[in-house]
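Per-entry structural report
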Amino acid sequence: MAEVVREIPGAVGPLEALIDGPMDAPRAVVVFGHPLPIEGGTMHTKVVFQSAKALTRIGCAVLRFNFRGVGRSAGAWDEGRGERDDYRAAIDFAAGRYPGLEMWAAGFSFGSHVAMTVGADDDRICTLIGIAPPVNKYDFTVAAASPKPKFIVHGIEDELIPLKAVRELYARMADPKELVEIDRANHLFDGQAPEVGEALEDLLMDFSCATR
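For the structure given in this document, a descriptive report is provided here. (Residues numbered from 1 in each chain as written. Predicted model: local features only at pLDDT ≥ 70, side-chain atom pairs only at ≥ 80, totals over all residues. Heavy atoms only, no water.)

Considering helix H3 (residues 110-121)
Spelled out, the test is: Each helix is a run of H or I in the DSSP string that is no shorter than four residues. Each strand is a run of E no shorter than two, and both are numbered from the N terminus. One less than the residue count of a helix, multiplied by 1.5 Å, gives the span that helix is expected to have. Burial classes: relative accessible area under 20% of the type maximum marks a residue as buried, over 50% as exposed, and values in between as partly exposed (1.4 Å probe, protein chains only). Here, two residues are considered to be in contact whenever any of their heavy atoms come within 4.5 Å of each other.
The first and last C-alpha atoms of H3 sit 18 Å apart over 12 residues, in line with the 16 Å expected at 1.5 Å per residue. By the burial criterion, the buried members of H3 are Phe-110, Gly-111, Ser-112, His-113, Val-114, Ala-115, Met-116, Thr-117, Val-118, Gly-119 and Ala-120. Tucked into the core, H3 has its buried residues touching strand E3 (28-33), helix H2 (81-97), strand E5 (102-108), strand E6 (125-131), helix H4 (141-145) and strand E7 (150-155).

Right, dumping it as structure tokens:
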């Protein structure tokens with residue numbers, strides 16, 4: 001199911017959001033960040049949509065939202081600084097709506113940098129999920145050093161973020177961690193977005209922070 005949540009409180013005004021939820025009581029809640037706003041990224045981007053649906057299939061509630069200035073979200077692009085505040089606001093909202101549940105931070109491309117960076121420093125977040133992380137464009141040091149479980153999904157033929165750079169960062173990441181490489185996939189996973197969802201299902205089907 002998808003439920004429109006029209007007013008997640010943000011630092012500069014309301015943020016447009018959707019909650020995708022399983023039929024039964026959720027086992028975890030995932031806060032999901034979308035790709036670069038100034039390049040057309042939104043919470044409806046195909047990979048974000050397919051990832052959210054996959055996570056609901058394995059029992060998670062997923063809060064995806066538009067960063068400031070995107071869709072009906074208030075504000076304007078802030079070069080990543082304000083977008084981190086937006087992500088924190090989404091965590092606050094999710095924590096209040098789903099008290100007591102495990103919380104996972106996830107994102108695609110630019111959203112993965114925001115999610116993994118903010119999530120690494122927030123004690124409410126217990127795992128970090130990055131899809132096509134732009135490791136050659138943003139600093140992932142905080143996320144890489146985090147002792148929280150980390151899951152990375154990347155396209156082998158990503159034309160913007162070389163797989164070699166992702167592998168190098170992954171090698172420096174603290175354990176526990178897992179990396180899935182999707183054959184033939186470019187940065188946007190054109191024609192292969194469902195494979196991203198399948199990878200997340202395989203990685204996280206039986207995952208629980210409580211067992212790590």
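Focus on the pairing of E6
We apply this condition: Two strands qualify as a pair provided DSSP detects at least 2 bridges between them. Every crossover in which the path from the first strand over the helix to the second runs clockwise, viewed with the strands pointing away from the viewer, is termed right-handed.
Within E6, 7 of the 7 residues are buried, leaving the element largely enclosed by the surrounding structure. Direction of pairing for E5 relative to E6: parallel, over a ladder of 6 bridges. Bridge pairing in E6 links Ala-105 to Leu-128. The β-α-β motif built from E5, the intervening H3 and the parallel element E6 has right-handed crossover chirality. Pairing between E6 and E7: 4 bridges, direction parallel. Pairing of Gly-130 across the sheet is with Ile-152, part of E7.

Observations regarding the pattern of salt bridges
Stated precisely, the cut-off is as follows: Between Lys or Arg on one side and Asp or Glu on the other, a salt bridge is scored when a side-chain nitrogen of the former is within 4 Å of a carboxyl oxygen of the latter.
One pass over the full model with this rule turns up 12 salt bridges. Note that Arg-124 is salt-bridged to Asp-122, the shortest N-O span being 2.9 Å. Here the residues in one salt-bridge network are Asp-20, Lys-53 and Arg-64, joined through shared partners.

Describing the packing of H2 against H3
Rules: Lines fitted to the C-alpha atoms define the axes, with helices restricted to the stretch that makes contact. Angles between their N-to-C directions range from 0 to 180 degrees. For a crossing to be left-handed, the near helix must be turned anticlockwise from the far one by less than a right angle; the clockwise case is right-handed. When residues are grouped by polarity, Ala, Val, Leu, Ile, Met, Phe, Trp, Tyr, Cys and Pro land in nonpolar, Asp, Glu, Lys and Arg in charged, and all others, Gly among them, in polar.
Their axes nearest at 10 Å, the elements H2 and H3 cross at an angle of 65°. For the pair H2 and H3, the crossing hand works out as right-handed. Side by side, H2 and H3 meet where Glu-83, Arg-84, Tyr-87, Arg-88 and Ile-91 of the first sit next to Phe-110, His-113, Val-114, Ala-115, Thr-117 and Val-118 of the second. Across the contact of H2 with H3, the residue classes break down as 6 nonpolar, 2 polar and 3 charged.

Some thoughts on unusual backbone geometry
Going from Asp-175 to Pro-176, the amide bond is cis rather than trans, its omega being -5°. Position of Pro-176 relative to the elements: it lies in the loop between helix H5 (163-172) and strand E8 (177-182). At Glu-79, a residue that is not glycine, the phi angle is positive and equals roughly 60°. Relative to the elements of secondary structure, Glu-79 occurs in the loop between strand E4 (60-65) and H2.

Some points on the state of the cysteines
Keep this limit in mind: By convention in this document, the label disulfide applies to cysteine sulfur atom pairs within 2.5 Å.
Applying the stated criterion across every chain, the model contains 1 disulfide. Put simply, Cys-126 and Cys-209 are joined by a disulfide, and their sulfur atoms are 2.0 Å apart. Judged by the torsion about the S-S bond (75°), the Cys-126/Cys-209 disulfide is right-handed. Taken together, the positions of Cys-126 in strand E6 and Cys-209 in the segment after helix H6 (193-204) put the pair 83 residues apart, joining distant regions of the chain. You'll find Cys-126 and Cys-209 in the same group, each marked buried. Cysteine Cys-60 remains unbridged, with the sulfur of Cys-209 as its closest cysteine sulfur at 10 Å.

Side note on the packing of helix H1 (residues 46-57) against H6
Packing of H1 against H6 brings their axes to within 8 Å, and their N-to-C directions diverge by 35°. Here the hand of the crossing between H1 and H6 comes out right-handed. Contacts from Lys-46, Val-47, Gln-50, Ser-51, Ala-54, Leu-55 and Arg-57 in H1 reach Ala-193, Pro-194, Val-196, Gly-197, Leu-200, Glu-201 and Leu-204 in H6.

Examining the packing of aromatic side chains
Aromatic ring pairs are reported here in terms of the distance separating the ring centres and the angle at which the planes meet. Convention followed: Aromatic pairing here means that ring centres of Phe, Tyr or Trp (its six-membered ring) are within 6.5 Å. Orientation follows from the plane angle: under 30 degrees is stacked, over 60 is edge-to-face, and everything else is tilted.
This model, assessed by the stated rule, comprises 8 aromatic pairs. Considering the side-chain rings of Phe-65 and Tyr-87, the 6.0 Å spacing of their centres and the 55° angle between planes classify their relative orientation as tilted. Pair noted here: Phe-65 is in strand E4 and Tyr-87 is in helix H2, with a separation of 22 residues, a long-range link. Accessibility assignment for this pair places Phe-65 and Tyr-87 in one class, buried. Put simply, the rings of Phe-65, Phe-67, Trp-77, Tyr-87, Phe-110 and Tyr-138 pair up and form one aromatic cluster.

Looking at the pairing of E8
In regular strands, side chains alternate between the two faces of the sheet. Pairing geometry for E7 and E8, over 6 bridges, is parallel. Residue Gly-155 lies in a different strand from E8, and its bridge partner there is Ile-182. Between the parallel elements E7 and E8, the chain passes through H5 in a crossover that is right-handed.

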